[in-house]
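Each chain, written out:
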Amino acid sequence: VTNPMMAVTVKRPWKLECCRCWKLGIPPTWMVVGAAIIVQIGFGFYPVIVRRFATAHKANPVIFSFYRDAFCTPLLFTCAIIAERKLVIPRPKMVFLFIILGALGMFGNQILFILGVYWAGADIASAFQP
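Just so you know, the residues in each chain are numbered from 1, in the order the chain's sequence is written. Totals for whole chains, interfaces and linings use all residues, but because this is a predicted model, local features are given only for residues with pLDDT of at least 70 and pairs of side-chain atoms are given and counted only at 80 or more. Side-chain measures were taken over the full set of non-hydrogen atoms in the model, leaving aside hydrogen atoms and water.

Visitor: Help me understand helix α4 (residues 92-120), please; the structure alone is not making it clear to me.
Guide: Quick reminder: α-helices carry 3.6 residues per turn. Residues three or four places apart thus point the same way. Its 29 residues give α4 an end-to-end C-alpha distance of 41 Å, which sits within 8% of 42 Å, the value for a rise of 1.5 Å per residue. The largest bend in α4 amounts to roughly 35 degrees and is located at G102. Any pair of residues with heavy atoms lying within 4.5 Å of one another is described as a contacting pair. Strands are runs of DSSP state E lasting at least 2 residues, helices are runs of H or I lasting at least 4, and numbering of each runs from the N terminus. In this structure, the buried residues of α4 make contact with α2 (29-57), α3 (61-84) and α5 (122-127). Directly beyond the C-terminal end of α4, a positive phi value near 105 degrees is found at G121. Each residue after the first adds 1.5 Å to the expected span of a helix. The angle between axes fitted to the seven residues ending at a residue and the seven residues starting there is what we call the bend at that residue.

Below is the structure:
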C-alpha cells in the first residue's frame, strides 16, 4: 500500500506494524519526536564531554578528531549495511570523491568544532554547533 502524499514508499528493514501510519511507510509521531529528542541531547552534551576530556587529558584536537572518525566510520558502515540489507560497492571514480568529501566535510567540520571547544569553551561552541 502506498501513501498518496508520498512519491516514494519507504521500505523498512524491520517488521514494526504498531499503527496504520507505519504500514503506509510513515513512522509514528512518537518515534520521530523521540529520535529528535535523543539527537538534541547528544548535540547538547557532546561539547561538554569534549571539553572535559580535552582539559583532563591534554588531548591534541587533530588526534581526537581522527580517533572519533576512525571509530564512527565502521559503526556507520555496519548500520548502513543492516538498514539497506545489501553492500553497495562504489565505482573507483566515486571512491576518490568520498575521500575528498570525508576529509573536508566530516573530518574538517569536526576538527574546527573541537578547536572551537578548546578556544571558546563548551557553552559557546554548543551555541554555534551546526
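Visitor: What is the right way to read the packing of α3 against α4 from this model?
Guide: Axis angle and axis distance: for two packed helices, these are the angle between their axes and the distance between the axes, and together they describe the pair. Note on definitions: angles span 0 to 180 degrees between N-to-C directions of axes, and those axes are lines fitted to C-alpha atoms, for helices only across the stretch in contact. The contact between α3 and α4 brings their axes to 9 Å, and the two run at 135 degrees. As the angle between them shows, α3 and α4 are arranged oblique. Judged by the sense of rotation from one axis to the other, the crossing of α3 with α4 is right-handed. Packed against α3, whose contacting residues are P61, V62, F64, S65, F66, R68, D69 and T73, the element α4 presents M106, F107, Q110, I111, I114, L115 and Y118 at the interface. Residues belonging to the contact of α3 with α4 are distributed by class as follows: ten nonpolar, three polar and two charged. Roughly parallel means an angle under 35 degrees; roughly antiparallel means over 145; roughly perpendicular covers 65 to 115; every other angle is labelled oblique. Helix crossings get a hand from a simple test, with the near helix turned counterclockwise from the far one by less than a right angle marking a left-handed crossing and a clockwise turn marking a right-handed one. Residue polarity is assigned by list, with Asp, Glu, Lys and Arg as charged and Ala, Val, Leu, Ile, Met, Phe, Trp, Tyr, Cys and Pro as nonpolar; anything else, Gly included, falls into the polar class.

Visitor: What is the right way to read the nonpolar core from this model?
Guide: Soluble, globular proteins show a tendency: their nonpolar side chains are buried together. To form a nonpolar core, buried Ala, Val, Leu, Ile, Met, Phe, Trp, Tyr and Cys residues must be joined to one another through side-chain atoms within 4.5 Å. Exposure classes here rest on a 1.4 Å probe applied to the protein chains alone. A residue is buried below 20% of its type maximum, exposed above 50%, and partly exposed in between. Y46, V50, F64, F113, I114, V117 and A125 form the largest nonpolar core, which has seven residues in total. Broken down by element, the residue count for this core peaks at three residues, all from α4. The residues touching F64, leaving out its near neighbours within four places in the chain, are Y46, V50, F53 and I114.

That is the geometry; function is a separate question.
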